[in-house]
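Examination of the molecular architecture
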Amino acid sequence: MTPIDSHPTRQEAEEAVRTLLRWAGEDPDREGLRDTPQRVIKSYDEFFCGYAEDPVDLLRRTFSEVDDYDEMVLLRDIRVESHCEHHMVPIIGVAHVAYLPRKRVVGISKLARVVDAYARRFQIQERLTAQIANTINEELQPYGVAVVIEASHQCMTTRGVHRPGVSMVTSRMLGTFRTNSDTRREFLSILNRPAMNSSGI
Ligand SMILES: Nc1nc2c(ncn2[C@@H]2O[C@H](COP(=O)(O)OP(=O)(O)OP(=O)(O)O)[C@@H](O)[C@H]2O)c(=O)[nH]1
Ligand SMILES: [Zn+2]
């Protein structure tokens, strides 16, 4: 996904927000809304900072002195904050990312950063899941990669079909996670256990 070439000015972006406020039936010049376009665009800087990030770059630094550790590395319950590309509303959930290292491991925070770099864009969940798995696979060249995302789509909970409580689960299994049912089972059974960190420690 490449960002568009002709980036609008901040002023143009704020004007677009004023137009949407008018579309909703509001007066964008009333006191409470006067700074809203500016706030919205500032929020966009945060929500969509993924376009300015290179997920491949995040995985460049690896460590090889791991004493032949070749078991699964799994980072679970990584919060996912994304936006639906169809309705431009939040997708909120968690991602679980596992890989079987081949000699080299990456700093674990980098797995969460890769999730963020792709999540902070307009997405559909299937593509988000695949992009995370494919990038880890291509850069670390591990024996296998597994990514599971479970998320709630506000386009389904607060509008349209109105189904609060519904979540979407997507997965991408590559390498041994795809070909070896024991590896896949081990991964899924770990995910079925209660998380140590469920209290947010
Ligand atoms: N597969 C997939 N579908 C998604 C995702 N996010 C939103 N959608 C769906 O995208 C579809 C867009 O359908 P449309 O019929 O074009 O749009 P709509 O009239 O707003 O659809 P409703 O949501 O049913 O009201 C909807 O069914 C959404 O639920 C996603 O991440 N993956
Ligand atoms: Zn949507």
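Keep in mind that this is a model prediction, so the values were computed, not measured.

1. A short note on the coordination of the zinc ion (ligand 2)
Metal coordination angles have textbook ideals: 109.5 degrees for a tetrahedral set of four donors and 90 or 180 degrees for an octahedral set of six. Of the protein atoms, only C84 (SG), H87 (ND1) and C155 (SG) coordinate the zinc ion (ligand 2), at distances of 2.0 to 2.3 Å. Linear spacing of the donor residues for the zinc ion (ligand 2) on their chain is C-x2-H-x67-C. Of this pair, C84 sits in strand β2 (residues 73–84) while C155 is found in helix α6 (residues 154–157), placing the two residues 71 residues apart along the sequence. With a relative accessible area of 4%, C84 lands in the buried category. Overall, the relative accessible area of 10% leaves C155 in the buried class.

2. Some thoughts on the pattern of salt bridges
Overall, the coordinates contain 10 salt bridges when judged by the stated rule. With a closest N to O distance of 2.4 Å, E85 and R127 form a salt bridge. Here R127 lies in helix α5 (residues 125–140) and E85 lies in the loop between β2 and β3 (90–100), a separation of 42 residues in the sequence. One network of salt bridges, in which partners are shared, links E15, R18 and D29.

3. Brief notes about a nonpolar patch on the surface
A contiguous nonpolar surface patch, about 270 Å² in accessible area, is contributed by Y44, F47 and M88. Position of M88 relative to the elements: it lies in the loop between β2 and β3.

4. Side note on the confidence of the model for the chain
Here the chain averages 94 in pLDDT, and 95% of its residues register 70 or above. For this predicted complex, the interface score ipTM comes out at 0.94, while the overall pTM is 0.94.

5. Some thoughts on the domain arrangement of the chain
Split by domain assignment, the chain resolves into domain 1 (10–47) and domain 2 (62–192). Between the C-alpha centres of domain 1 and domain 2 the distance comes to 33 Å.

6. Quick notes on the packing of aromatic side chains
All told, the structure shown has five aromatic pairs when counted by the stated rule. Measuring from centroid to centroid gives 4.8 Å for Y44 and F48, while their planes differ by 65°, and the two rings are edge-to-face. Its relative accessible area of 31% is what places Y44 among the partly exposed residues. Taken together through their ring pairs, the aromatic side chains of Y44, F47, F48 and F122 make up a single cluster.

Quick notes on the rules
Within each chain, residues carry numbers counting from 1 in the order of the written sequence. Following the order in which they are written, the chains are lettered starting with A and the ligands numbered starting with 1. Predicted model: local features are reported for residues with pLDDT of at least 70 only, side-chain atom pairs are reported and counted for 80 or more only, and whole-chain, interface and lining totals are derived from all residues. Only hydrogens and water are removed before side-chain values are computed, so all heavy atoms of the structure are retained for them. Excluding water, the donors of a metal are its N, O and S neighbours within 2.8 Å, or within 3.2 Å for Na, K and Ca, and that exclusion means sites may look incomplete. A helix here means a DSSP run of H or I that spans at least four residues, while a strand means a run of E at least two residues long, and both kinds are numbered starting from the N terminus. Whether a residue is buried, partly exposed or exposed follows from its accessible area with a 1.4 Å probe, protein chains only, as a fraction of its type maximum: under 20%, in between, or over 50%, in that order. Any Lys or Arg side-chain nitrogen found within 4 Å of a carboxyl oxygen on Asp or Glu counts as a salt bridge. Grouping into patches uses exposed residues only, defined as over 30% relative accessible area, and leaves out salt-bridged ones; the cut-off is 9 Å for like charges and 5 Å for nonpolar side chains (Val, Leu, Ile, Met, Phe, Trp, Tyr). Note on areas: these come from Shrake-Rupley sampling with a 1.4 Å probe, and a residue is covered only by the protein chains present in the view. pLDDT measures how confident the predictor is about each residue, on a scale from 0 to 100. Start and end positions for the domains come from either an automated domain assignment or a database one. Two rings from Phe, Tyr or Trp (for Trp, the six-membered ring) form a pair when their centres are within 6.5 Å of each other. A pair whose planes differ by under 30 degrees is stacked, one over 60 is edge-to-face, and the rest are tilted.

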